[in-house]
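Analysis of the macromolecular model
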Amino acid sequence: MTVHLISPWTPRVHYRIKQEPPRTIEEFLKLQNWDYWPRDITLKDVDKWSYSLNKIKEDSSFISIYSHLWGNVPRVYDAALLMDSRLEECSALVKEHASKLFEWGHVFCKKRSPERLQKYKAALGKCHKKKKIMLSDEMETKKNIEDCSFSGFKADELTHLPRHLDAKRIYLFILKSRNFDEKHLKVWKTHFLSQASVALLHDSFWWWFLHKFKPDRENQDFLFDRISESYVILFMSIPLYRKDAFFRVYPDCLAQAIYATFQEAFPDSSDLFNDEFKEELGNNISLWLSGLRPRRGFWTQWKLKELATTTIHGSLKTSSKSLMEQITRSNERITNIPLCCRWSRV
């Protein structure tokens, strides 16, 4: 009997059945145990899942979301409406208090005689003296653009408008002339009177002043840089849903405010602020803020024609000549008054 010994170092031969690769999609699916697709999914508590799905659809509806936001998110103009109602209440209380305060029956005791009351009135009439305000050449304000100059750019301070004009009052005048409805006026007033918007009016006015009348490239560059910063701050402060509507009218309102400032500050130079001046000003401001040029003759819609003869407060403007005539007549009257009588009139 022959015995064959297998050495432990003899390598073992492993045999593996070779499988043919799938040739069709059906064979591939069967190989991967994907005989059918999609597989049936059995859900437990079908009613519970259906209820949850319907609940999600209901909570995700537009009406549901709008109602939730309306009831829980505070609105910007609510504070303004609340303040208006509170001011109306305070105004009514003040009127009621004033009506009671100035009644003669409450001020004077009813037991006093009418004769004594007449004596009080006579004494008050003797003590009352009219005070006169004398005008001098030093009190004359410069109303032409030639005598005005830019004081220089300050990095941490806005340059005041000429003749101490108030930017917020000018914006309010422009908004009133635009005849906005009360709802938009209350909301937009906060944006127009914001710090960034006021800075835009100050710096844009002086930039245009230097550009048109007294060029100064260095100060113009400083002003333009701050104009850019102020515009970015204003743009970021406006809510997204209000941006398009606001910046559709803001460039035109800013141009009107700058024009009104020129008319109000320099009435004796109003002939310089003609149609060409308004066209160039409006085009420049619109290109700065929106990148678009407005239609030609846009300024014909401005309701600012009266600014040539009246102020933003509604009073008539007086030229430097008429003011000098008033000063001259006042000085002549003072000279003609006897010296002994001058002190008695003060």
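Look above for the structure.
Starting from 1, residues in each chain are numbered consecutively following that chain's sequence as written. Note on the predicted model: pLDDT of at least 70 is required for a residue's local features to be given, and 80 or more for side-chain atom pairs to be given and counted; whole-chain, interface and lining totals, by contrast, use all residues. As a rule here, side-chain values cover all heavy atoms of the structure and leave hydrogens and water aside.

This paragraph deals with the layout of surface pockets. A 1.4 Å probe that fits into a set of points on a 1 Å grid over the protein atoms alone but cannot get out defines a cavity; an open set with protein on both sides within 12 Å along at least five of seven lines defines a pocket, and lining residues are those with an atom within 4 Å of a point. Grid points are joined across faces, edges and corners, and a volume is the space filled by probe spheres set on the points. The volume enclosed by the second largest pocket comes to roughly 280 Å³. Forming the walls of the second largest pocket are 17 residues, and the residues nearest its centre are His160, Leu161, Pro162, Arg163 and Trp206. Residues are grouped as follows: Ala, Val, Leu, Ile, Met, Phe, Trp, Tyr, Cys and Pro are nonpolar; Asp, Glu, Lys and Arg are charged; every other residue, Gly included, is polar. Taken together, the residues that form the lining of the second largest pocket break down as 6 nonpolar, 6 polar and 5 charged.

All axes are obtained by fitting lines to C-alpha atoms, using only the stretch in contact for helices, and the reported angles, taken between N-to-C directions, cover 0 to 180 degrees. Secondary structure elements follow DSSP: runs of H or I no shorter than four residues count as helices, runs of E no shorter than two count as strands, and numbering proceeds from the N terminus. As a packed pair, helix α7 (residues 167-178) and helix α11 (residues 240-265) sit with axes 9 Å apart at the nearest point and diverge in direction by 120°. Relative to α11, the element α7 lies oblique. Seen from above, α7 lies across α11 with right-handed handedness. Mapping the contact onto sequence places Ile170, Tyr171, Ile174, Ser177 and Arg178 in α7 and Val249, Tyr250, Asp252, Cys253, Leu254, Gln256, Ala257, Ala260 and Thr261 in α11. Reported orientations rely on four angle classes, namely roughly parallel under 35 degrees, roughly antiparallel over 145, roughly perpendicular from 65 to 115, and oblique for the rest. By definition, any crossing whose near helix is turned counterclockwise from its far helix by less than a right angle is left-handed, and any crossing with a clockwise turn is right-handed. We call two residues in contact when some of their heavy atoms are within 4.5 Å.

Further remarks concern unusual backbone geometry. Backbone geometry at Arg163 places phi at a positive 55°, although glycine is not the residue there. Note that Arg163 resides in the loop between α6 (114-127) and α7. The classification of residues rests on relative accessible area computed with a 1.4 Å probe and restricted to protein chains. Under 20% of the type maximum is buried, over 50% is exposed, and intermediate values are partly exposed. The exposure class assigned to Arg163 is partly exposed, which follows from its relative accessible area of 35%. We note that His164 has phi near 60°; this positive angle belongs to a residue other than glycine. With respect to the secondary-structure elements, His164 resides in the loop between α6 and α7.

For the rest of this paragraph, the subject is the packing of helix α9 (residues 195-212) against helix α12 (residues 275-289). It is the contact of α9 with α12, at a shortest axis distance of 12 Å, that shows an interaxial angle of 130°. The angle between α9 and α12 falls in the class oblique. Here the hand of the crossing between α9 and α12 comes out right-handed. Mapping the contact onto sequence places Ser204, Trp207, Trp208, His211 and Lys212 in α9 and Phe277, Glu280, Leu281, Asn284, Ile285 and Trp288 in α12. In terms of residue class, the contact of α9 with α12 is built from 6 nonpolar, 3 polar and 2 charged.

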